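Listed here are the chains, written in short residue letters.
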Amino acid sequence: MELKTVENNCISSVFDLLELHGIGHSGGSLSVLQILISLYFEVGKVDPDNPKWDDRDRIVLSKAHATEAMYAVLAEKGYFSKTRFQEYLKLGSDIQGHVEISTPGVEYSGGALGQGITFACGLAYAAKMRNQNHKIYAVLGDGECHEGSVWEAAMFASHYKLDNLYIVIDNNHYADHGNVDELMNLQPFDARWESFGWETSSLPDGNKVESITEALNSFKTPNKPKCLIANTVKNYGVPLWEKNHLHQVAGDLLSQGVKQGREILSGR
C-alpha cells in the first residue's frame, strides 16, 4: 500500500474515533499522526503478527492521550481490526482514552506526562546490558518537556551513552491551556537537548512522513542518544480547529471540523 494511502486511511480513522463518542483529543492526535506512521510503517522494526517479538523495536507513546492517532495507525498496520474501534472507551476494553500496554502494538501504559521518556530510558539501558540490538523510539509532546523528569531522563541517557534511544518531540507549540513557550519557555529548544549531550535535529515540517523518516535515518553519532524535534501543527488538516489550537473537541465544533477535514481529505 502506498504511504499516502496509509496516511489518508489513518486520518479518516482518527475522524471515525472522534465521532464515535463526540469527543476526543483532536489537537495532539492530528499533530503526531505522521510521526507514528513513520515509526510503525517506515522506521521501526515491528511485526503486527507477532507483537511481542523479542527483536522488535520498542515504540513508546509518552503523550499517551493521543489515542485516536495511535489506534488509527495500529489498526492500519494490522495489529487489530478497525471493527474494534467500536470498543473505544468502553468498560473492559483495552482500547481506552490513554494507551495501555494490554493493547497489541502498545509498549507503555501512559497517564502522567513526562514519564514515557524515563520508561524508554529503562528499555534502552536494559537492551544495552543484554547486548540486544533493537532500538527504542519515544514520542513526547513539547508541553510535557516542562516536566523535570524529562530532563533527568535526558541526563541519564547521555551519561549512559544510550545511542539506541531515539526521541521524537511533537513540537506543535501548544499545550492544553496555552502556548508552550509562554507557559514556560523552552527556547532554544534544540540547543537545550544538545547541551544535555544528545545528537539533535530540528525538522521544519514535522507533518510529512517522508521528512520524518529521512531525519530519523540520518542520525549517525555513536554513544549519543538521539532527539528529533518535529515542528508540527496542532489539529493538522482541519483549519477550523487549527486556528484556535484546540486540545480537545466536542459537540457541534467536532462535527463541523470533521466535515471540513473529510472534505479536505477527499481532495488530497
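Each remark here, short or long, concerns the structure printed above.
Described in the following lines is the structure provided in the data block. (Residues numbered from 1 in each chain as written. Predicted model: local features only at pLDDT ≥ 70, side-chain atom pairs only at ≥ 80, totals over all residues. Heavy atoms only, no water.)

Turning our attention to the pattern of salt bridges. Scanning all chains against the criterion turns up 11 salt bridges. A salt bridge links Asp163 to Lys128; the nearest nitrogen and oxygen atoms lie 2.5 Å apart. Of this pair, Asp163 sits in the loop between helix 5 (148–159) and strand 4 (165–171) while Lys128 sits in helix 4 (residues 116–129), and the two are 35 residues apart along the sequence. Note that Asp205 and Lys208 form a salt bridge whose closest N and O atoms lie 3.8 Å from each other. Assessed through its relative accessible area of 30%, Asp205 is described here as partly exposed. Residue class for Lys208 comes out partly exposed when judged on its relative accessible area of 44%. What emerges from the salt-bridge pattern is a single network uniting Asp16, Glu19 and Arg262. (Salt bridge = Lys/Arg side-chain N within 4 Å of Asp/Glu carboxyl O. Helix = DSSP H or I, 4+ residues; strand = E, 2+ residues; numbered from the N terminus. Buried < 20%, exposed > 50% of the residue type's maximum accessible area, 1.4 Å probe, protein only.)

Turning next to the environment of Ala64. Structurally, Ala64 is set in the loop between strand 2 (58–61) and helix 3 (67–77). Taking relative accessible area as the criterion, Ala64 reaches 1% and is therefore assigned buried. Along the chain, Ala64 and Leu89 lie 25 residues apart, while their C-alpha atoms are 14 Å from each other. In this view, Ala64 contacts Gly97, His98, Val99, Gly110 and Gly111; residues no more than four positions away in its chain are not counted. (Contact = heavy atoms within 4.5 Å.)

Mapping Pro239 onto the fold places it in helix 9 (residues 239–242). Looking at Pro239, the relative accessible area reads 36%, which means it is partly exposed. For the pair Pro239 and Gly257, spaced 18 residues apart in sequence, the C-alpha separation works out to 7.9 Å. Once residues lying within four places of it in the same chain are set aside, the contact partners of Pro239 are Gln260 and Ile264.

Working definition: the strands of a sheet are paired by backbone hydrogen bonds and lie parallel or antiparallel to each other. Strand order in the open sheet formed by 5 strands is 2-3-4-8-7, with parallel pairing between adjacent strands. Unpaired on one side and paired on the other, strand 2 and strand 7 (199–203) mark the two borders of the sheet. Strand-to-strand twist in this sheet, taken as the mean axis angle between neighbours without regard to direction, amounts to 15 degrees. The pairing of strand 2 with strand 3 (residues 136–141) spans 4 bridges and is parallel. Its bridge partner lying in strand 3, Leu61 is registered against Val139. Each of strand 2, strand 3, strand 4 and strand 8 (226–231) is contacted by helix 2 (residues 26–43), which is oriented at about 170 degrees to strand 3, the strand it contacts most. Contacts between helix 8 (residues 209–217) and the sheet are confined to strand 4, strand 7 and strand 8, with strand 8 contributing the most and set at about 160 degrees to the helix. (Pairing = 2+ DSSP bridges. Axes fitted to C-alpha atoms, helices over the stretch in contact; angles between N-to-C directions.)

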